[in-house]
Amino acid sequence: MISLFLTPLLFLSTGNVTSVGLVFMLYILSGIGMSGIGMGVMHDAIHGSYSKNKKINTFLGYTFNIIGANAAVWKIQHNVLHHTYTNIDHADDDLNAPYFLRFSPNAKHYWMHKYQHIYIWFFYGLATISWITTKDFVRLKRYKDMGLLNKTNEYTKTLISMSAWKFFYYCYALALPMIMLPFSWWIVLLAFLSMHFITGLMVSIIFQIAHIMPSNEFPLPDDAGQMNNNWYGHQFATTTNFSPKSKILFWLIGGLNYQVEHHVLPDVCHVHYKNLTKIVSDTAKEYGMPYHVKTSLFQAIVDHTKMLRLLGEKQNVSIV
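Colleague: Describe the nonpolar core, listing the residues and the values that go with them.
Modeller: Of all hydrophobic cores here, the largest spans 56 residues; its most connected members are Tyr 27 and Tyr 169. By residue number, the principal contributor to this core is helix H2 (residues 20–47), which donates ten residues. Excluding anything up to four places from it in sequence, Tyr 27 contacts Leu 9, Leu 12, Ala 173, Leu 174, Pro 177, Val 188, Ala 191, Phe 192 and Met 195. By size, the runner-up hydrophobic cluster in this structure holds eight residues, among which are Leu 81, Leu 140, Tyr 155 and Met 162.

As structure tokens, this is what we get:
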């Protein structure tokens, strides 16, 4: 995946590409590699599950920085907030969205949400563009205000490091091809944005269909601020698998079609998910907990779209 991401960019940087179509093709090919890094390399590494060696995990976690995002911010957003408070409004940062998107029945309802199942795909495509520009900075500041960056000078050090990594990314992924290729700068920029649009769409769909589904629950704490379910029961109730028989998809997305296994065993490398499926599903059945599975990626996307439509049409959605 790292080679699939870097090789097209290196070829573009040689300046030997003389076709506009090939420029777009190479950037999009690089985007597929970028998706693979995000879902199959850095995801395990930042969870500490890629290797038993912490240094290897840390090193491979930096692949997220190489593709323009930031490992430190992601670790808080994903490992801490998403995995701890899955589908809990105002706590799971994956549910926090601009006012024109509604991912939870507990979020405020606006009239434009009625059409979100139509326009949301465009905004999914902007996901990684947002990552490499503003989102990481906004989240870093918010996490500081939440007290999640409490080491001495941690915020300042992370901010400087993140800015440096992003500058490096823009230099080799955008500026260098602009300089070397015999085309107008805006053509290279459009190809670069096309790469990110495809990547953003792919990554957003894979992560969102695991949780924003009609069969999943969106629990809230009681008046005392406590959750009524245990942590494992909560993960089963809020997470969905999809396309469990597809070996190609399993490889392409780093095993994230086995989201239930990932959520109940986040410190286990994704290569083991298939072998764990029966154990996890039998355990869920034994303790009377749900085990949500969609047979195909297509079915999962259809149900996700239905959920978006439900969230858009009704102010209070009854989740079954």
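Colleague: Let's hear about helix H10 (residues 231–238): which residues, and what values?
Modeller: Buried residues dominate H10, accounting for six of its eight residues. Residues Gly 233, His 234, Gln 235, Phe 236, Ala 237 and Thr 238 constitute the buried set of H10. Elements in contact with the buried residues of H10: helix H5 (71–84), helix H12 (259–264), helix H13 (273–286) and strand E2 (292–294). Of the residues flanking the start of H10, the one acting as N-cap is Asn 230, its side-chain oxygen 3.0 Å from the backbone nitrogen of Tyr 232.

Colleague: Go over a nonpolar patch on the surface, please, and point to the residues and values.
Modeller: Residues Leu 29, Ile 32, Ile 198 and Met 202 make up a contiguous nonpolar surface patch of about 270 Å² in total accessible area. Looking at the nonpolar patch, the elements that each hand over two or more residues are H2 and helix H9 (185–208). Structurally, Ile 198 is set in helix H9. Residue class for Ile 198 comes out partly exposed when judged on its relative accessible area of 30%.

Cut-offs and rules
- Residues numbered from 1 in each chain as written.
- Predicted model: local features only at pLDDT ≥ 70, side-chain atom pairs only at ≥ 80, totals over all residues.
- Heavy atoms only, no water.
- Core = buried A, V, L, I, M, F, W, Y, C linked by side-chain atoms within 4.5 Å.
- Buried < 20%, exposed > 50% of the residue type's maximum accessible area, 1.4 Å probe, protein only.
- Helix = DSSP H or I, 4+ residues; strand = E, 2+ residues; numbered from the N terminus.
- Contact = heavy atoms within 4.5 Å.
- Polar contact = N/O pair within 3.5 Å; in protein donor to acceptor, adjacent residues only side chain to side chain.
- Patch = residues over 30% accessible without salt bridge, like charges linked within 9 Å, V, L, I, M, F, W, Y side chains within 5 Å.
- Areas by Shrake-Rupley, 256 points an atom, 1.4 Å probe, with all protein chains shown as cover.
- Salt bridge = Lys/Arg side-chain N within 4 Å of Asp/Glu carboxyl O.

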